[in-house]
Amino acid sequence: MGKIQDKVAIITGGAGGIGKGMAMAFVKEGAKVVIVDLNEEAGQDSIKELKQYQPESMFIQVNLAEHDKLKDIIGQVIEKYGKLDILVNNAHASRNKPFLETDQKDLDLSFDTGFYPTFYLMQAAIPHLKETKGNIINFASGAGIQGHATQTAYAAAKEAIRAITRVAANEFGKDDINVNLIAPIANSQGVQEWAKAQPEYYQEVVSKIPMQRFGELEEDIGPVAVFLASDESNYITGQTINVDGGSVKF
Ligand SMILES: NC(=O)c1ccc[n+]([C@@H]2O[C@H](COP(=O)([O-])OP(=O)(O)OC[C@H]3O[C@@H](n4cnc5c(N)ncnc54)[C@H](O)[C@@H]3O)[C@@H](O)[C@H]2O)c1
């Protein structure tokens, strides 16, 4: 028996990066994983890998910025599996810019792909999560918690996600729904591309992480997500778990 055996989990952005790392960790602990992602090719490739552990995994191709399609994602999952246990709101796109140059388009990109999908998917999922006493895992960032320079749009959307996570934890604690956040640092494809493009800056960032490395997608972030998705974390809600090699401390 896995730690989340036969639980049904949606992971947005599960075709790559941390999302895929969590998806692999989830199927190895017995869950049925639904990957929701923009990237059709990467999504289909990921599903092939997941199916080696869990034949009932599924891919839904969608642009999460198209908010009128979000309710239907939950509908499709309920139709196929008859229930939903875990919602992981992981996908988020954004671009860095100096504060004074940040414009409406930058704010829209970050809120449209990060904040709004998290909010609308939570709204659509919660009635079903009440039935399973389910779990929600949202994604925060040290960029928001600490206010990293040049990350205005991203930091704002991430802190808005933290705010609604705490509100939902307070409203749905009585229903035994756990709503928590992971604030990660991990070696995703985006990070790898950036490391190649700006190796000196990358080394500088690594040197500031107390553990002196970026986290591994499946091995470092995956088990924490499994814990927050499992019954082992039943008395934890509204919390931000920093899985970042010791970078954020408060
Ligand atoms: N990697 C890090 O060090 C780090 C640090 C802090 C926070 N985070 C957060 O962790 C989460 C995962 O980060 P990552 O580095 O793995 O990201 P990533 O960019 O490597 O992967 C994101 C995934 O989301 C998908 N996606 C992007 N926009 C989408 C859209 N509009 N609709 C559907 N799918 C879309 C992409 O196709 C991709 O598969 C994000 O919320 C990110 O903000 C990451």
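> Help me understand the site of the ligand in this model?
Inspection of the region around the ligand gives 24 residues, with I18, D37, N90, Y154 and S188 positioned closest. Within the contact set of the ligand, an oxygen atom lies 2.5 Å away from a side-chain nitrogen or oxygen of Y154. A distance of 2.9 Å separates an oxygen atom of the ligand from a polar atom in the backbone of A186. Out of a free accessible area of 840 Å², the ligand has 84% covered by protein chains. Where the shell around the ligand is concerned, the elements lending two or more residues are α1 (17–28) and α6 (152–172). Residues that form the shell around the ligand fall into these classes: 12 nonpolar, 10 polar and two charged.

> How should the side chain of N90 be read in this particular structure?
Within the secondary structure layout, N90 lies in the loop between β4 (86–89) and α4 (104–132). A polar side-chain atom of N90 sits 3.4 Å from the main-chain carbonyl oxygen of G13. Leaving out residues up to four positions away in the same chain, N90 has contacts with T12, G13, I18, G19, M22 and F139.

> Looking at this model, I keep getting lost on the side chain of S57. Mind explaining?
Within the secondary structure, S57 is located in the loop between α2 (40–51) and β3 (58–61). Taking relative accessible area as the criterion, S57 reaches 4% and is therefore assigned buried. Within polar-contact distance, the side chain of S57 engages the backbone oxygen of Q54 at 2.9 Å. Beyond its immediate stretch of four places on either side in the chain, S57 contacts V27, V33, I47, L50, K51 and Y81.

> How do you make sense of the packing of aromatic side chains when you look at a structure like this?
For any pair of aromatic rings, the description consists of the separation of the ring centres together with the inter-plane angle of the planes. Inspection of every chain in the model, using the stated rule, returns nine aromatic pairs. Ring centres of W194 and Y202 lie 5.5 Å apart, and the angle between their planes is 75 degrees; on these two criteria the pair is classed as edge-to-face. Ring geometry for Y202 versus F214: centroids 5.3 Å apart, planes at 20 degrees, classification stacked. Remark: F214 occurs in the loop between α8 (199–208) and α9 (217–229) and Y202 occurs in helix α8; sequence separation between them is 12 residues. Look at F214 and you get buried, because its relative accessible area is 10%. Here the aromatic cluster, defined as three or more aromatic residues joined through ring pairs, consists of F111, F115, Y116, F119 and Y120.

Criteria and cut-off values
Residues numbered from 1 in each chain as written. Predicted model: local features only at pLDDT ≥ 70, side-chain atom pairs only at ≥ 80, totals over all residues. Heavy atoms only, no water. Near = heavy atom within 4 Å. Polar contact = N/O pair within 3.5 Å; in protein donor to acceptor, adjacent residues only side chain to side chain. Areas by Shrake-Rupley, 256 points an atom, 1.4 Å probe, with all protein chains shown as cover. Helix = DSSP H or I, 4+ residues; strand = E, 2+ residues; numbered from the N terminus. Nonpolar A, V, L, I, M, F, W, Y, C, P; charged D, E, K, R; others polar. Contact = heavy atoms within 4.5 Å. Buried < 20%, exposed > 50% of the residue type's maximum accessible area, 1.4 Å probe, protein only. Phe/Tyr/Trp six-rings, centres within 6.5 Å; stacked < 30°, edge-to-face > 60°.

Fair warning: the whole summary comes from geometry, so function is off the table for now.
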